Amino acid sequence: MFHKNIKLVIAALIVGYSGYQFAEGYIGNGIALIFLSLVFIFLYFRNELILLAFLRMRKQDMEGTQKWLGRIKNPKAALTKKQQGYYNYLHGIIYSQKNLTQAEKYFKKALKLGLTMDYDVAMAKLSLAGIAMQKRRKREATTLLQEAKKLDKNNMLTEQIKMMQQQMKKI
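Residues numbered from 1 in each chain as written. Predicted model: local features only at pLDDT ≥ 70, side-chain atom pairs only at ≥ 80, totals over all residues. Heavy atoms only, no water.

(A) Quick look at the packing of helix 3 (residues 48-58) against helix 6 (residues 81-95). Contact pair helix 3 / helix 6: the axes reach a minimum separation of 11 Å and the direction vectors enclose 30°. Comparing the axis directions of helix 3 and helix 6 gives the class roughly parallel. In this structure, the crossing between helix 3 and helix 6 has a hand that is left-handed. Listed contacts from helix 6 to Ile 50, Ala 53, Phe 54 and Met 57 of helix 3 are Gln 83, Tyr 86, Tyr 87, Tyr 89, Leu 90, Ile 93 and Ile 94. Residue composition of the contact of helix 3 with helix 6, by class: 10 nonpolar, one polar and no charged. (Axes fitted to C-alpha atoms, helices over the stretch in contact; angles between N-to-C directions. Helix = DSSP H or I, 4+ residues; strand = E, 2+ residues; numbered from the N terminus. Parallel < 35°, antiparallel > 145°, perpendicular 65-115°, else oblique. Left-handed = near helix turned anticlockwise from the far one by under 90°. Contact = heavy atoms within 4.5 Å. Nonpolar A, V, L, I, M, F, W, Y, C, P; charged D, E, K, R; others polar.)

As structure tokens, then:
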């Protein structure tokens, strides 16, 4: 909704006004305003549109995910670097069902910008390995699969990795 720096300015203004409320003796108002400013600080680090897109993704609603991501007009200005990574990660997941070349571009950009969770990095590398395997780039696919295997600490992707390794033997 707001530019990332505007969120910080709004939070600073609210904290300043809460200080004024404390000075005037309205302690309850000051505390409530501090909590309100924490909402804007939270939204600086976790973009609300990306959170809503992840909720749609959880429901397997790719069109809804695309719609929420489409509301971010200028990702470089509105998002922090990690949020841009997740923005591209979500686009990669959406395009992996439509256009593999576009999906590969988005996944590589997401990995370059950085993802917070190891599971997300492993999932992006696993998807890239699948794309490389479909494009007959066996060496790249093997490298990406090994990297995904190292990053999958909770063994959530072991089934998919084993299945891909079996398919890799057929190439």
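(B) Structural view of the nonpolar core. Core analysis: the biggest nonpolar cluster contains 39 residues, and Ile 50, Ile 72, Tyr 89, Phe 107, Leu 115, Leu 126 and Leu 145 have the highest contact counts within it. When residues of this core are traced back to their parent elements, those giving at least two are helix 3, helix 4 (62-70), helix 6, helix 7 (100-113), helix 8 (118-134), helix 9 (138-151) and helix 10 (158-170). Excluding residues within four positions of it along the chain, Ile 72 makes contact with Asn 47, Leu 49, Ile 50, Ala 78, Leu 79 and Tyr 87. (Core = buried A, V, L, I, M, F, W, Y, C linked by side-chain atoms within 4.5 Å. Buried < 20%, exposed > 50% of the residue type's maximum accessible area, 1.4 Å probe, protein only.)

(C) The arrangement of the layout of surface pockets in detail. Approximately 530 Å³ is the volume attributed to the largest pocket. For the largest pocket, the lining is made up of 21 residues, of which Ser 96, Phe 107, Met 123, Leu 126 and Ser 127 are closest to its centre. With nine residues, helix 8 is the single largest residue contributor to the lining of the largest pocket. Its residues assigned to classes, the lining of the largest pocket shows 14 nonpolar, six polar and one charged. Approximately 340 Å³ is the volume found for the second largest pocket. What lines the second largest pocket is a set of 13 residues, and nearest its centre among them are Arg 46, Ile 50, Leu 51, Phe 54 and Tyr 86. Taken together, the elements giving at least two residues each to the lining of the second largest pocket come down to helix 3 and helix 6. Of the residues contributing to the lining of the second largest pocket, the split by class is six nonpolar, four polar and three charged. (1 Å grid on protein atoms, 1.4 Å probe; cavity = no way out; pocket = protein on both sides within 12 Å on 5 of 7 lines; lining within 4 Å. Points joined across faces, edges and corners; volume = space filled by probe spheres on them.)

(D) How the structure looks around the side chain of Gln 83. Mapping Gln 83 onto the fold places it in helix 6. With relative accessibility at 6%, the residue Gln 83 sits in the buried group. Once residues within four sequence positions are removed from consideration, Gln 83 is found in contact with Leu 43, Tyr 44, Phe 45, Arg 46, Asn 47, Ile 50 and Ala 78.

(E) Representation of helix 6 in the model. In a regular helix each residue adds 1.5 Å, so 15 residues correspond to 21 Å; helix 6 covers 21 Å between its end C-alpha atoms and thus fits that length. Counting buried residues along helix 6, 13 of its 15 residues qualify, which places the element largely inside the surrounding structure. (Expected span 1.5 Å × (residues − 1).)

(F) Fine view of unusual backbone geometry. Phi angles above zero are rare outside glycine, and Gln 60 is one such case at about 60°. Examined against the element boundaries, Gln 60 turns out to sit in the loop between helix 3 and helix 4. With phi around 65°, Arg 136 is a residue other than glycine that occupies positive phi space. Looking at where Arg 136 falls in the secondary structure, it is placed in the loop between helix 8 and helix 9.

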